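Take a look at the letters that make up each chain.
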Amino acid sequence: NAGVMQNPRHLVRRRGQEARLRCSPMKGHSHVYWYRQLPEEGLKFMVYLQKENIIDESGMPKERFSAEFPKEGPSILRIQQVVRGDSAAYFCASSKGEIGGYTFGSGTRLTVV
Amino acid sequence: AQSVTQLDSQVPVFEEAPVELRCNYSSSVSVYLFWYVQYPNQGLQLLLKYLSGSTLVKGINGFEAEFNKSQTSFHLRKPSVHISDTAEYFCAVSVDNNDMRFGAGTRLTVKP
């Protein structure tokens, strides 16, 4: 039973390009959460999605960032026109919705040059 | 909204010594509490969780934590650490499963 799969593991983008981060939840999990981890900081909540719905995006920057979780396929976190400050590790977690049932992926490390 | 404070950013300790990583939370409602471990270049792995019942919670790798409601704390302890315990440890709080908030992390370094 594969865990939460994130790809790519490492992503390098030039300033102004778009970054697309993918997250395939565990089998049977319909809840997906995205977090961002900056150096020397904890994980900051970004967005919570269920299939085809954004449930809570209170942690998402208002501009350039978007997320989706389509009926088929992985969840996508999209960052448009990346800037150096977007460099971070982005983690995805999935769950069935039960308390304490998060499973984390290994993250995507985005570097903006 | 709920929040978590991890009081120590770094904790160095010698092998086989005991360790305590401190965590305090803030919330106006009942909470669920978690400790996660992150090894270099990996995701987070659940160590233990408090949902209800006994305030002393035992987790994997010999770790345990105690929920203290009066002190709003959930400190993580291990009586004897190993080199392999060197990692980043995160305390997290949730009031439902859709809103988990993490502390800034504590870097535990176990020295020989």
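Computed from a prediction, not measured in an experiment: that's the story for all the values here.

What counts and how
- Residues numbered from 1 in each chain as written.
- Chains lettered and ligands numbered in written order.
- Predicted model: local features only at pLDDT ≥ 70, side-chain atom pairs only at ≥ 80, totals over all residues.
- Heavy atoms only, no water.
- Buried < 20%, exposed > 50% of the residue type's maximum accessible area, 1.4 Å probe, protein only.
- Helix = DSSP H or I, 4+ residues; strand = E, 2+ residues; numbered from the N terminus.
- Pairing = 2+ DSSP bridges.
- Core = buried A, V, L, I, M, F, W, Y, C linked by side-chain atoms within 4.5 Å.
- Contact = heavy atoms within 4.5 Å.
- pLDDT = per-residue confidence, 0-100.
- Disulfide = S-S within 2.5 Å.
- Buried area = accessible area lost by both parts, 1.4 Å probe.
- Salt bridge = Lys/Arg side-chain N within 4 Å of Asp/Glu carboxyl O.
- Polar contact = N/O pair within 3.5 Å; in protein donor to acceptor, adjacent residues only side chain to side chain.
- Nonpolar A, V, L, I, M, F, W, Y, C, P; charged D, E, K, R; others polar.

**Things to note about the pairing of strand 7 (residues 65-68) of chain A**
Residues and elements named next belong to chain A.
Right, so step 1: On strand 7, burial follows the alternation: Phe65 and Ala67 on one face are buried, whereas Ser66 and Glu68 on the facing-out side are not.
Right, so step 2: Looking at chain direction, strand 7 and strand 8 (residues 75-79) are connected through four bridges and run antiparallel. Of the residues in strand 8, the one forming a bridge with Ser66 is Arg78.
Right, so step 3: With antiparallel pairing between neighbouring strands as the criterion, strand 7 and strand 8 make up a hairpin whose turn holds six residues, including Gly73 at a positive phi of roughly 100 degrees.

**Some points on the nonpolar core**
Right, so step 1: Ranked by internal contacts, the top residues of the largest apolar core, which has 28 residues, are Leu33, Trp35, Leu47, Leu48, Phe74, Leu76 and Tyr89 of chain B.
Right, so step 2: The set of elements that each furnish at least two residues to this core consists of strand 2 (10-14), strand 3 (19-21), strand 5 (32-38), strand 6 (44-50), strand 8 (64-68), strand 9 (73-78), strand 10 (87-94) and strand 12 (106-111) of chain B.
Right, so step 3: Here this core gets four residues from one element, more than from any other, and that element is strand 10 of chain B.
Right, so step 4: Those residues within four positions of Phe74 of chain B in sequence are excluded, and the remaining contacts are Cys23, Leu33, Phe34, Trp35, Leu48, Tyr50, Ala65, Glu66 and Phe67 of chain B.
Right, so step 5: Among the nonpolar cores identified, the runner-up in size contains 23 residues, and Leu11, Val32, Trp34 and Val47 of chain A belong to it.

**Brief notes about the confidence of the model for chain B**
Should pLDDT be low for a region, the predicted coordinates there are not to be read in detail.
Right, so step 1: Mean pLDDT for chain B: 92, with 98% of residues reaching 70 or above.
Right, so step 2: When mean pLDDT is taken per element in chain B, strand 3 of chain B scores highest with 98 and strand 11 (residues 101-102) of chain B scores lowest with 88.

**Description of the state of the cysteines**
Right, so step 1: Counting across every chain of the model gives two disulfides over all chains.
Right, so step 2: Through a disulfide, Cys23 of chain A is tied to Cys92 of chain A; the S-S separation comes to 1.8 Å. Between Cys23 of chain A and Cys92 of chain A, the S-S torsion sits near -50 degrees, and that sign places the bridge as left-handed. Placement of the pair is Cys23 of chain A in strand 3 (residues 19-24) and Cys92 of chain A in strand 9 (residues 88-95), with a sequence separation of 69 residues.
Right, so step 3: Sulfur-sulfur distance for the disulfide between Cys23 of chain B and Cys91 of chain B comes to 2.0 Å. When the S-S torsion is -65 degrees, as for the bridge of Cys23 of chain B with Cys91 of chain B, the disulfide is left-handed.

**A closer look at the interface of chain A and chain B**
Right, so step 1: Contacts between the two partners involve 24 residues from chain A and, on the opposite side, 21 residues from chain B.
Right, so step 2: Summed over both sides, the interface between chain A and chain B buries roughly 1700 Å², with carbon and sulfur atoms accounting for 50% of that surface.
Right, so step 3: Linking chain A with chain B are zero salt bridges, by the criterion used here.
Right, so step 4: There are two residue pairs in polar contact (both at pLDDT 80 or more) connecting chain A and chain B.
Right, so step 5: Residue assignment for the side of chain A that touches chain B shows that the elements contributing at least two residues are strand 4 (31-37), strand 5 (43-50) and strand 9 of chain A.
Right, so step 6: Tallied by class, the residues present in the side of chain A that touches chain B amount to nine nonpolar, 10 polar and five charged.

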